[in-house]
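Observations on chain architecture
Chain residues, written in single-letter form:
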Amino acid sequence: MLAYKFDWSVLWRQPYGEWLLGGIWLTLQLGFVAWIIALVLGIFLGTIRVSPWPWLRFLGTLYVEVFRNVPFLVQLFFWFYAGPMLFGREIQFKINAISGLNYYVAIIGLGLYTASRVAEHVRAGFASIGQGQYQAVLSTGMTHLQMYRYVIIPYALRVIIPPLTTEFLTIFKNSSVAMTIGVAETTFVSYKIDNETFHGLEATTGAMAVYLVLGFAVVRLMGFIESRFRIPGLVSR
Amino acid sequence: MFDAVQRNLPFLLAGFLTNLQLAGCALAGGIFLGILVGLGRISSKAWVYRPVTLYVNVLRNIPLILVIFWFYFVMPILVGKTLHPFVSAAVSFIVFEATYFGEIFRAGFQSISRDLVSAAYSTGLTYWQTARYILVPIAFRRMLPSMITQSIITFQDTSLAYVIGLQEMVRRTTIVDSMEVRSIELYSFVAVLFFVVCFIGSRISRHYEEKGRRANLL
């Protein structure tokens, strides 16, 4: 075992302490903004996967299969390096000139990726609703659109809160992959501190503590939401 | 159009082989350690159950990239010399994936009802016969779909060893791309390779899931 002198002050000493705080702030931003994209797109995709139109179902399934079966790192690199090229040369240069492009790409990429996972949970949520429920709603004279808007989606969303909690936790963990395209979030900062001080062990341990606290906070928050929107009459979990 | 891919095919595919090897190590070690973790999680002894639970809960809340970095920093201190990124990555994957496999095994073990065990004993089977002919086959069939799914995730995760400079597929693609500047073709190619392997895997998983459902096992 090498003689290693621990120096935990890299976690608060300036400028490292400030870097770390900035990193945490970026992790929170990535997680929350991408989560909004993932939720909206995921609910949409999950819904069209159970729609009566085969070609819509096919599109939904195609999206989910593609985004679930390609590593997130590869997706992120594709959007960041190849994404701007898809628009042709002129627009490519304009896109590449945007300052903070990696930040936007990370949010969109994370949102698109997580949407595929949310869609799977939403679909499972719909599947858990019995056929009788659908028939009952339609027999009251509601249209298909109204049925989804007022009955099925609000119901399914409540049923899938526990699996969505897991996804919400995962989105913060996955946001760490954004470091590979240079977004200075928590993991990136801990690596950068290692570059400057050679105390990567302390820096990464500190970053682990950050994610643990964040995870704990998310579980608490979702527990509150779950009890707030509990369906009366269902066994609470 | 895909000439940039063609020119560098052997280089890229060698990287893909590294991904497969890393996944192989991670799965072998992760499943073995995962069985111990799963047993520890259902243990009635607090000194076994508590630390194992803590280990699982901590690791499952931390991003894999951070775990890869942590071992990359801690291994040289423990071993006293710099290790090859593959070894360092393999260790982090085993430690990380064992917590996920551990939870799969725990669920599998717990899914077997006590009545079933009692029934097996009442026919005169010994403890080991019960385990060998009743418990293990049933638990294994129940766990198989989740195990395959987790294996696919593990395989996808091997791309993250990129961050400590391991020359796997994605790292090699960035190297080729910096020379060829053919991002669309190159990254599409990586995506397609991963997609094919993972898609086939997910179909196999679904096949066993439906088989289990038909046999009333799930």
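On a predicted model such as this, the values are computed, not experimentally measured, just so you know. (Residues numbered from 1 in each chain as written. Chains lettered and ligands numbered in written order. Predicted model: local features only at pLDDT ≥ 70, side-chain atom pairs only at ≥ 80, totals over all residues.)

Before going further, it helps to examine the overall build of chain B. Helices and strands together make up the secondary structure of chain B, namely 9 helices and 0 strands. The order of α-helices and β-strands along chain B, N terminus first, is α-α-α-α-α-α-α-α-α. Expressed as lengths along the three principal axes of its C-alpha atoms, the size of chain B is roughly 70 × 45 × 25 Å. Here chain B, with 218 residues, has 38% of them falling under the buried criterion. Expressed as a percentage of contacts within chain B between residues at least 6 apart in sequence, the contacts between residues at least 24 apart total 77%. (Helix = DSSP H or I, 4+ residues; strand = E, 2+ residues; numbered from the N terminus. Buried ≥ 20, exposed ≤ 12 C-beta atoms within 10 Å, placed from the backbone. Contact = placed C-beta atoms within 7 Å.)

Along its length, chain A carries 10 helices and 0 strands. The order of helices and strands in chain A, counted from the N terminus, is α-α-α-α-α-α-α-α-α-α. Referenced to the eigenvectors of the C-alpha coordinate spread, the extents of chain A come out at roughly 75 × 50 × 30 Å. When the 237 residues of chain A are sorted by exposure, 40% land in the buried category. Expressed as a percentage of contacts within chain A between residues at least 6 apart in sequence, the contacts between residues at least 24 apart total 77%.

At the junction of the two partners, chain B supplies 31 residues and chain A supplies 33 residues. Those elements giving two or more residues to the side of chain B that touches chain A turn out to be α4 (64–79), α8 (169–180) and α9 (183–214) of chain B.

Turning next to helix α2 (residues 54–68) of chain A. All names here are of chain A. Its 15 residues give α2 an end-to-end C-alpha distance of 21 Å, which sits within 8% of 21 Å, the value for a rise of 1.5 Å per residue. Within α2, burial applies to G60, V64 and R68. The buried residues of α2 occupy an angular sector of 50° when the element is viewed end-on, so they sit on one face. In α2, the exposed positions angled more than 90 degrees off the buried face are occupied by P54, W55, F58 and L62. Lining the buried residues of α2 we find α1 (16–48) and α5 (101–127). (Expected span 1.5 Å × (residues − 1). Arc of directions from axis to C-beta.)

Turning our attention to the packing of α5(A) against helix α7 (residues 144–159) of chain A. Residues and elements named next belong to chain A. At their nearest, the axes of α5 and α7 sit 9 Å apart, and the two run at 110° to each other. On the basis of the axis angle, α5 is roughly perpendicular to α7. For α5 against α7, the interelement crossing comes out right-handed. Counting all contacts with α5, which are made through V122, G125 and F126, the residues of α7 involved are I152, A156 and V159. When grouped by side-chain class, the residues that make up the contact of α5 with α7 number 5 nonpolar, 1 polar and no charged. (Axes fitted to C-alpha atoms, helices over the stretch in contact; angles between N-to-C directions. Parallel < 35°, antiparallel > 145°, perpendicular 65-115°, else oblique. Left-handed = near helix turned anticlockwise from the far one by under 90°. Nonpolar A, V, L, I, M, F, W, Y, C, P; charged D, E, K, R; others polar.)

The next thing to look at is the nonpolar core. With 107 residues, the main nonpolar core has A:L73, A:V74, A:F77, A:A106, B:I65, B:I68 and B:F69 as its most contacted residues. When residues of this core are assigned to their parent elements, the largest contribution, 12 residues, is made by α5(A). (Core = buried A, V, L, I, M, F, W, Y, C linked by C-beta atoms within 7 Å.)

The subject of this paragraph is the environment of A:S128. Residues and elements named next belong to chain A. Relative to the elements of secondary structure, S128 occurs in the loop between α5 and α6 (131–139). S128 gets classed as exposed once you count the C-beta atoms within 10 Å, which come to 11. Sequence separation between S128 and V159 is 31 residues; the distance between their C-alpha atoms is 8.4 Å.

Attention shifts here to the confidence of the model for chain B. For chain B, mean pLDDT is 87; residues scoring 70 or higher make up 99% of the total. Per-element mean pLDDT across chain B ranges from 76 in helix α1 (residues 3–7) of chain B up to 91 in helix α5 (residues 85–110) of chain B. (pLDDT = per-residue confidence, 0-100.)

Okay, helix α8 (residues 161–174) of chain A next. One full turn of an α-helix is made of 3.6 residues, so residues set three or four places apart face in the same direction. All names here are of chain A. In this model, α8 (14 residues) spans 19 Å end to end at C-alpha, consistent with the 20 Å of a helix rising 1.5 Å per residue. Every buried residue belonging to α8 is among I161, L164, F168, L169, I171, F172, K173 and N174, and all of these are buried. Turning to α8, the residues buried within the fold contact α1, α3 (72–82), α5, α7 and α10 (200–228).

Here the focus is the environment of A:T166. Mapped onto the elements, A:T166 comes out in helix α8. Separated by 55 residues in sequence, A:T166 and A:L221 have C-alpha atoms that sit 12 Å apart.

Residue and element names in this part refer to chain B. As a packed pair, α4 and α5 sit with axes 9 Å apart at the nearest point and diverge in direction by 130°. The pairing of α4 with α5 is recorded here as oblique in orientation. Relative to α5, α4 is oriented so that their crossing is right-handed. Between α4, through L64, V67, I68, F71, Y72 and M75, and α5, the contact on the second element is made entirely by S88, A89, V91, S92 and F96. The class makeup of the residues in the contact of α4 with α5 is 9 nonpolar, 2 polar and no charged.

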